[in-house]
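# Remarks on the overall topology
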Amino acid sequence: MSEPPAAAPEPTQAPAAAPPADGEAGPSKKGAKKAEAKAKKEAEKARKAAEREAAAAAQKAASGSAEDLAKDNYGDATPETRVDAERVTLKNIGEEHLDKTVKLRGWIQNSRMQGAKMAFIELREERAWTIQGVIAASPEGKPVSKQMVKWAGALKLESFILVEATVKKPLEPVKSCKVSNYELHITKVFCIASGPEVLGLGLNAANKPVASFEDEEPNSGAPTEAVENLTIGEGQPAASLSTHLNNPAMHKRAPVQQAIADVRMRVRKLFAQYLDSKNFVQFEAPCLIGAASEGGANVFQMPYFDTSACLAQSPQFYKQIEIAGGRKRVYCIGPVFRAENSNTPRHLTEFTGLDLEMEIEDSYTEVIDMIEGLMLHIFRGLEEQCKDEIELIRSVYPSEPFMLPAPGKEVRLTFAEGQKLLREEGPEEYRNVSDDEDMSTPQEKALGALIRKKFGTDFYVLDKFPEGARPFYTIEDPANPKVTNAYDFFMRGQEILSGGQRIHIPSLLEDRIRKKGIDPASPGIKEYVDVFKSAGVPPHGGGGIGLDRVVSWYLNLPSVHLSSYYPRTPKRLMP
């Protein structure tokens, strides 16, 4: 609609005219009309120009190239980027946040455009906490413009972003997200760190069962052991262990791996919690030592200034030194190193040891009682405190629940009783197993299956191991020197702890060292024996638990490599 022409200015608005000079006449009537006509023409010209500009702006808006009114609400984050809304985490979102503006940071797990004016972004925080985000262009172009929607929808997967959003109820629960009863209506989005063009390992594959546990081509001559009963569902994307470990960030982002890590850390805490309650004192054992702590060839050696050093195969000697030093009960948690060229799902060259040692008053069975109570405390604690994590892990790696013995029905067999059970009720190949030779891994698994069927438990103890199967510091049974006061603890038919009563009399210790074909005066051994010569040491015993195995066997994972934060094997030293 045209605007009326501008009214002529009032006389009071016009600037005062200079008085005419003598002899000059004032402006003519004709000249005034010409000036008025010129002013009207200029006004009409300006009006038409404004209309043209408005039409051009409308055309630009229709074509998407209008001025971006939301330009300050999105883009790459800078040190000055700030969002002032309330900070929330997905696991804490509730009714109190409904229709409120909040801010979150997380990874883009998935995204899709819905036309040119709307995009859906699935946002993930730690573990499996996910929520659906909706970003839709506002009619007026602010706070969300079409350009902003297009930019957000093009963000790469696994980019880390900051969003401002209003918490709303979706029309129906979003089944693909853990937070299914709420969604985020995004009003600001900033990219803190962009994901790559192509992921080396996608989250979907990272959260599926590992397809193959061959980290590399097997080394010639290295012992290998197959992974049993591992199946991959049809159509499920899966990756090899090598792909997982070569992409550590995405491997660790997988909810299943975070759940395994949470269970692992809970085992550590339950271990310390129980022993603290039983008056044990924690100490720290060294990793660098001057000689092999357990003898044999499975030790890592390295130059050490003008001599050589070894990585500790066990904190065994140091636990005993602590007892000799006046402590009655001690424990330590730390790395253990074994230079075994064993490429199997149950071996690592570096693992975490949970070790304990205690004074014995009457019988070494006091130590068995203590460790048995400790392990049951850990298992029952996991059942109570890690239900969600265990459920998530079993959704990826299905397994039967870990069976515990009823109180007072704990299973303890002597080594000979275990072999007898194998001979009488086990597979045909074990009809002639000997009571004087150590068990092989297949024998242990076969016995575990028998005990589960016969006694209804996946946890049990074997005691009185043959003398030849135990290290030089293990005391022989006074009533039968063919066996020792030594024991192993088992989970699902696999050993997770080895221990026993130690020799505390130096003369007996030297005799047994010689019996094992070792010189008591050899480096490392002499210093060990001298501890017992330097002061009277009370009888004592203990054991060492492999944390990685406890976690793996409890969850019935196909490999201990899945339980280790950064598995070290004969083929892998990185990352």
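Residues numbered from 1 in each chain as written. Predicted model: local features only at pLDDT ≥ 70, side-chain atom pairs only at ≥ 80, totals over all residues. Heavy atoms only, no water.

The protein chain has the name Aspartate--tRNA ligase, cytoplasmic in an unreviewed UniProt entry, where Microdochium bolleyi is given as its organism. Turning to the protein chain, the UniProt annotation filed under Subcellular location (unreviewed entry) states: "Cytoplasm". The Catalytic activity (unreviewed entry) field of the UniProt record for the protein chain holds the comment "tRNA(Asp) + L-aspartate + ATP = L-aspartyl-tRNA(Asp) + AMP + diphosphate". (UniProt positions renumbered as here; feature names shortened; annotations may be inferred.)

Predicted confidence across the protein chain gives a mean pLDDT of 88, with 87% of residues reaching 70 or more. The low-confidence segment residues 20-24, where pLDDT is below 50, has zero contacts with residues more than four positions distant or belonging to other chains. For the stretch residues 217-235, pLDDT sits under 50, and the model shows 31 contacts to residues farther than four places along the chain or on other chains. (pLDDT = per-residue confidence, 0-100. Contact = heavy atoms within 4.5 Å.)

Before going further, it helps to spend a moment on the side chain of Arg568. Residue placement: Arg568 occurs in the segment after helix H14 (547-555). Buried and without a salt bridge, Arg568 has Glu350 as its closest oppositely charged side chain, separated by 4.8 Å. Within the structure, the side chain of Arg568 is placed 2.7 Å from the backbone oxygen of Pro575, a separation counted as a polar contact. In this structure Arg568 touches Leu348, Thr349, Glu350, Leu573, Met574 and Pro575, once residues within four positions along its chain are discounted. (Helix = DSSP H or I, 4+ residues; strand = E, 2+ residues; numbered from the N terminus. Buried < 20%, exposed > 50% of the residue type's maximum accessible area, 1.4 Å probe, protein only. Lys, Arg positive; Asp, Glu negative; His and termini not counted. Salt bridge = Lys/Arg side-chain N within 4 Å of Asp/Glu carboxyl O. Polar contact = N/O pair within 3.5 Å; in protein donor to acceptor, adjacent residues only side chain to side chain.)

Considering all chains together, one arrives at 19 aromatic pairs under this definition. With a centroid separation of 6.4 Å and 5° between ring planes, the pair formed by Tyr364 and Tyr487 is classed as stacked. Taken as a pair, Tyr364 in the loop between strand S13 (350-359) and helix H8 (365-385) and Tyr487 in strand S18 (residues 486-491) lie far apart in primary sequence, 123 residues in all. Each member of the pair, Tyr364 as well as Tyr487, carries the same accessibility label: buried. Summarising the aromatic geometry, the rings of Tyr460 and Phe490 are spaced 5.2 Å apart at their centres and angled 5° between planes, so their arrangement reads as stacked. (Phe/Tyr/Trp six-rings, centres within 6.5 Å; stacked < 30°, edge-to-face > 60°.)

Met375, Ile378, Phe379, Tyr487, Phe489 and Leu555 are the most contacted members of the largest nonpolar core, which has 63 residues in total. Each residue touching Leu555, except ones within four places of it in the same chain, is listed here: Ile260, Val263, Ile390, Ile393 and Ser399. (Core = buried A, V, L, I, M, F, W, Y, C linked by side-chain atoms within 4.5 Å.)

Let's shift gears to the sheet that holds strand S15 (residues 459-463). Overall, mixed pairing links the eight strands, which are arranged S8-S12-S13-S20-S19-S18-S15-S14 in an open sheet. At either end of the open sheet lies a strand with only one pairing partner, and these are strand S8 (281-282) and strand S14 (412-414). Inspection of the sheet shows strand S12 (residues 329-337) paired to S13 by nine bridges, in the antiparallel sense. When the bridges of S13 are listed, Val330 appears paired with Glu357. (Pairing = 2+ DSSP bridges.)

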